[in-house]
Structures are given as C-alpha cells and as structure tokens.
Amino acid sequence: MEMAQKHILIVEDELETLHILEHILKSESYKVSTAISCNIAFDIILKLERKREPIDLLITDIQMPDFSGEELLECINLIGTKFPIIVITGYGNEELQLELKYKGCKKYIEKPFSKEVLLNNVQSLIKEKYTSNVNR
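Parameters and conventions
Residues numbered from 1 in each chain as written. Predicted model: local features only at pLDDT ≥ 70, side-chain atom pairs only at ≥ 80, totals over all residues. Heavy atoms only, no water. Helix = DSSP H or I, 4+ residues; strand = E, 2+ residues; numbered from the N terminus. Buried < 20%, exposed > 50% of the residue type's maximum accessible area, 1.4 Å probe, protein only. Contact = heavy atoms within 4.5 Å. Lys, Arg positive; Asp, Glu negative; His and termini not counted. Charge placed at Lys NZ, Arg CZ, Asp CG, Glu CD.

### Side note on the overall build of the protein
Okay, so step 1: Secondary structure summary: the protein contains five helices and five strands in total.
Okay, so step 2: Listing each helix as α and each strand as β along the protein from the N terminus yields β-α-β-α-β-α-β-α-β-α.
Okay, so step 3: When its C-alpha atoms are laid out on the principal axes, the protein stretches across 40 × 30 × 25 Å.
Okay, so step 4: Counting every position in the protein, which comprises 136 residues, the buried fraction comes to 43%.
Okay, so step 5: Sequence separation of at least 24 residues holds for 67% of the intrachain contacts in the protein that already meet a minimum separation of 6.
Okay, so step 6: Taken together, the 17 basic and 22 acidic charged side chains of the protein have centroids lying 10 Å from each other.

Structural data, given as structure tokens:
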C-alpha cells in the first residue's frame, strides 16, 4: 500500500533559497507549499487545518521581514497544531537553538547546508512522526 504524499510548508523570504528548497523537495516527490513570510505561512497553516489537511512538516527561516520564525513557532503552539519543525538559519547560536527546541523545533540546520543534510533531516522527521503516530 502506497502512503499518501507528504506535505511540506517552506517559509523563506530569500526567493532563490525558497525555490532551491522547493525544487529539491518536489524532486523527492513531496507536496510543497511555500510562503515568503511568516504571516502568509500562518494563514496557510490555518486554512489547511480548517480543511483537515494539515501539513506534515514545516521548514522555516528565523530571520523574516514581518515576524520571526521563532514567533511563528509561538503562534503554532497557541493553536495547538502539532507537526515537526525544521529551522534553517544563518544567524544561529546555542541560546537560540535551546529556545527553539523549547518552542517545538525538532531540527536546526545552519546555512549553508547540503541537499543531503536537508533530505536526511526531512526524511527522519517524517518517519519519526508517522512511526510515533502508529505506536500510540
């Protein structure tokens, strides 16, 4: 039995990075939605939740023009939505990593990173999500 296509939301304001991530994930047969701001991303999350089509994974940058990826995590927690989150950033430090982990971030990837690092993290989190859901 084939599993349904996994849906990933990418939040990144640098268009070149956004398109590269989208291309990599689509080439691995993921369904991909994109947002150039956290505001847009949160609207997408809310709409999909209402339609009972939640995303399977969120990939977000931290430094964003409207509100930060960290604030996006806080908003997601407020509505009680649960899905794995990968944070990508070029401006990280240990304190930020701990804060993000506390707010639900499962993986933290420093820019620049390779296609392999991205895919390994995505695959492990999706596998973990569905393995833990089956075992409940």
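### Quick word on unusual backbone geometry
Okay, so step 1: Note that the residue after Lys111, namely Pro112, is joined by a cis bond; omega there is -10°.
Okay, so step 2: With respect to the element layout, Pro112 can be found in the loop between strand E5 (107-110) and helix H5 (115-134).
Okay, so step 3: The backbone of Ser29 sits at a positive phi, close to 70°, despite the residue not being glycine.
Okay, so step 4: Its location among the elements puts Ser29 in the loop between helix H1 (15-27) and strand E2 (31-35).
Okay, so step 5: Overall, Ser29 belongs to the exposed group, its relative accessible area being 51%.
Okay, so step 6: Although it is not a glycine, Arg52 adopts a positive phi angle of roughly 55°.
Okay, so step 7: Its location among the elements puts Arg52 in the loop between helix H2 (38-50) and strand E3 (57-61).
Okay, so step 8: Look at Arg52 and you get exposed, because its relative accessible area is 73%.

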